[in-house]
Amino acid sequence: KQVSATGFNNNSAPELKIDYNFTVPDYVTKAGDKIYVNLNLNRKYQQAAIDKKERKLDKEVEYQYVEDYSYSLQIPDGYELNYLPPNSTFNDPEFGYTATYTHQNGSVTLHFRLYINHNIKKKDRFDAWNSMITKLSDAYQEVVTLKKAG
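Keep in mind the model is a prediction, meaning the values are calculated, not measured.

## Observations concerning helix α1 (residues 126-140)
Count 3.6 residues to each turn of an α-helix, and residues three or four apart come out pointing the same way.
Then, number 1: In a regular helix each residue adds 1.5 Å, so 15 residues correspond to 21 Å; α1 covers 21 Å between its end C-alpha atoms and thus fits that length.
Then, number 2: Within the span of α1, buried status applies to Phe126, Ala128, Trp129, Asn130, Met132, Ile133, Leu136, Ser137, Ala139 and Tyr140.
Then, number 3: Next to the buried residues of α1 lie β5 (59-60), β8 (88-91), β9 (95-104), β10 (107-116) and β11 (120-121).

## Quick look at the confidence of the model for the protein
Then, number 1: Here the protein averages 88 in pLDDT, and 83% of its residues register 70 or above.
Then, number 2: Across the protein, the secondary-structure element scoring lowest on mean pLDDT is strand β1 (residues 2-6), at 61, and the one scoring highest is β8, at 98.

## Points about the nonpolar core
Then, number 1: Counting residues in hydrophobic clusters, the biggest one holds 31 residues, and the most contacted among them are Leu39, Tyr97 and Phe112.
Then, number 2: Residue assignment for this core shows that the elements contributing at least two residues are β4 (34-37), β6 (65-74), β9, β10, α1 and β12 (144-148).
Then, number 3: When residues in this core are grouped by element, the largest group, eight residues, is from α1.
Then, number 4: If we ignore the near neighbours within four places in the chain, the residues touching leucine 39 are Tyr71, Leu73, Tyr101, Val108, Leu110 and Val144.

## A short note on the environment of asparagine 40
Then, number 1: Within the secondary structure, asparagine 40 sits in the loop between β4 and β5.
Then, number 2: For asparagine 40, the contacting residues outside a window of four places in its chain are Tyr27, Tyr101, Leu110, Ala139, Tyr140 and Glu142.

How each quantity is defined
- Residues numbered from 1 in each chain as written.
- Predicted model: local features only at pLDDT ≥ 70, side-chain atom pairs only at ≥ 80, totals over all residues.
- Heavy atoms only, no water.
- Helix = DSSP H or I, 4+ residues; strand = E, 2+ residues; numbered from the N terminus.
- Expected span 1.5 Å × (residues − 1).
- Buried < 20%, exposed > 50% of the residue type's maximum accessible area, 1.4 Å probe, protein only.
- Contact = heavy atoms within 4.5 Å.
- pLDDT = per-residue confidence, 0-100.
- Core = buried A, V, L, I, M, F, W, Y, C linked by side-chain atoms within 4.5 Å.

Dropping the structure here:
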């Protein structure tokens, strides 16, 4: 609904920042007195494991980048936080991610950062890449659980 962009006019700092707010209808599961919400709205690379039997050569990556996302969930009146997913990280000089959950002021926020620091993924790095994809896919499955207060 609301969009703002900055960084267009600063040629010395190649960073573009886009902020926006939106609502996703019907994106929760309710069972009994609990509500389940997956805050991972962008699941980039979830299915990106490299099949080492099929891929015999290095893999080119178009560009290096960092993506930062923050997703917030306002806890509805009459509910309280029941489960906050654990933070998850995979750090490698060439690629990685960090998913950090916080709970404060009646809301839950997921801060997510993904980075790619190479242009060629060498064949001998495929195992490390696949390890990250496995851990990332597991992190994408985490859900925030709310329960009726009282």
